[in-house]
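# Structure assessment
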Amino acid sequence: MILKGLSEEQLKKWQQNGCLFIPRQELFSDEMKEKLIKWVDEVQNLPETKGKWMKYYENSLKDGTKILNRIENFLPYHKELDDLVNGKQMLELVSQLFGEQAVLYKEKINFKLPGGEGFKPHQDVLAGWDEFGHTLHISVAICIDEANEKNGCLECALGEHQKGLLGPMFKELPKEVVDSLDWVSYPMQPGDMIIFDSYTPHRSGANLTDTTRRMIFLTFNKLSEGDYREEYYKNKRISFPPDFERKPGENHEYKI
């Protein structure tokens, strides 16, 4: 990473908005951007293997075929990608926003392939991420393919993070809340990054184009509140296993 630390202006925007956009030119060289794309390609092509990375699928909105939706728990199996997105510089950057040392909680790649569904308006805190007693999470989204309003770029409601919970646990935000918010779209180029906290409302539309919109999401918590990444994935493999590990007839519902 090129960025050595956040400026006072960036920290001020973070405090005001609960969200911070950083262009690729401040983060990665052209060469590193190409490596990032290559490494995500490699993760995408990992074969289904029980007990390791966790692949999830959805039915295409275009033709109903089964397509890859996301993959989780992949960093232990790809050293180069782990060194980049969970290395010293990334941890220092997120630690600046927490005001104390950060540690990785979970990671995923949302693929949003052609025909992929969008994500309904929600706050991450409503997904039960406080199960280990964490008071706040910060998520870093790194763009892999061009993201725009047609293929479902990220949208955030700025400044709403200061209002606490805006809806019931394990539910998308109520329509009356969604309609009351001012949503800001974030078209992104490969290597661009957006950071938001777990109280920031966000959403994205479906991808009905012929282009792919992949994005890495890294979620961090305060190290002082514990390092629970392994326990998180141990629990998730039981409660919401990847498609490959499910028994016939099992039904698992994805909430938010």
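Above this text you will find the structure in question.
Residues numbered from 1 in each chain as written. Predicted model: local features only at pLDDT ≥ 70, side-chain atom pairs only at ≥ 80, totals over all residues. Heavy atoms only, no water.

### A closer look at the environment of G99
What counts, and what does not: Each helix is a run of H or I in the DSSP string that is no shorter than four residues. Each strand is a run of E no shorter than two, and both are numbered from the N terminus.
Summarising the element assignment, G99 is placed in the loop between α4 (88–98) and β4 (102–110). G99 sits 123 residues away from K222 along the chain, and the two C-alpha atoms are 9.0 Å apart.

### Thoughts on the environment of Y77
Put simply, the test is: Note on classification: 1.4 Å probe, protein chains only; a residue is buried when its accessible area is under 20% of the maximum for its type, exposed when over 50%, partly exposed between these limits. Contacts are assigned to residue pairs with any non-hydrogen atoms lying within 4.5 Å of each other.
Tracing the backbone through its elements, the reader meets Y77 in the loop between β3 (66–72) and α3 (79–85). The partly exposed category is assigned to Y77, whose relative accessible area is 33%. Once the C-alpha coordinates of Y77 and K52 are considered, the two residues, 25 residues apart in sequence, prove to be 8.1 Å apart. Filtering out sequence-adjacent residues up to four positions away, Y77 remains in contact with G51, K52 and W53.

### What about unusual backbone geometry?
In the Ramachandran plot, N73 falls in the positive-phi region, its phi being about 55° despite a non-glycine side chain. In this fold, N73 is placed in the loop between β3 and α3. Its relative accessible area of 7% is what places N73 among the buried residues.

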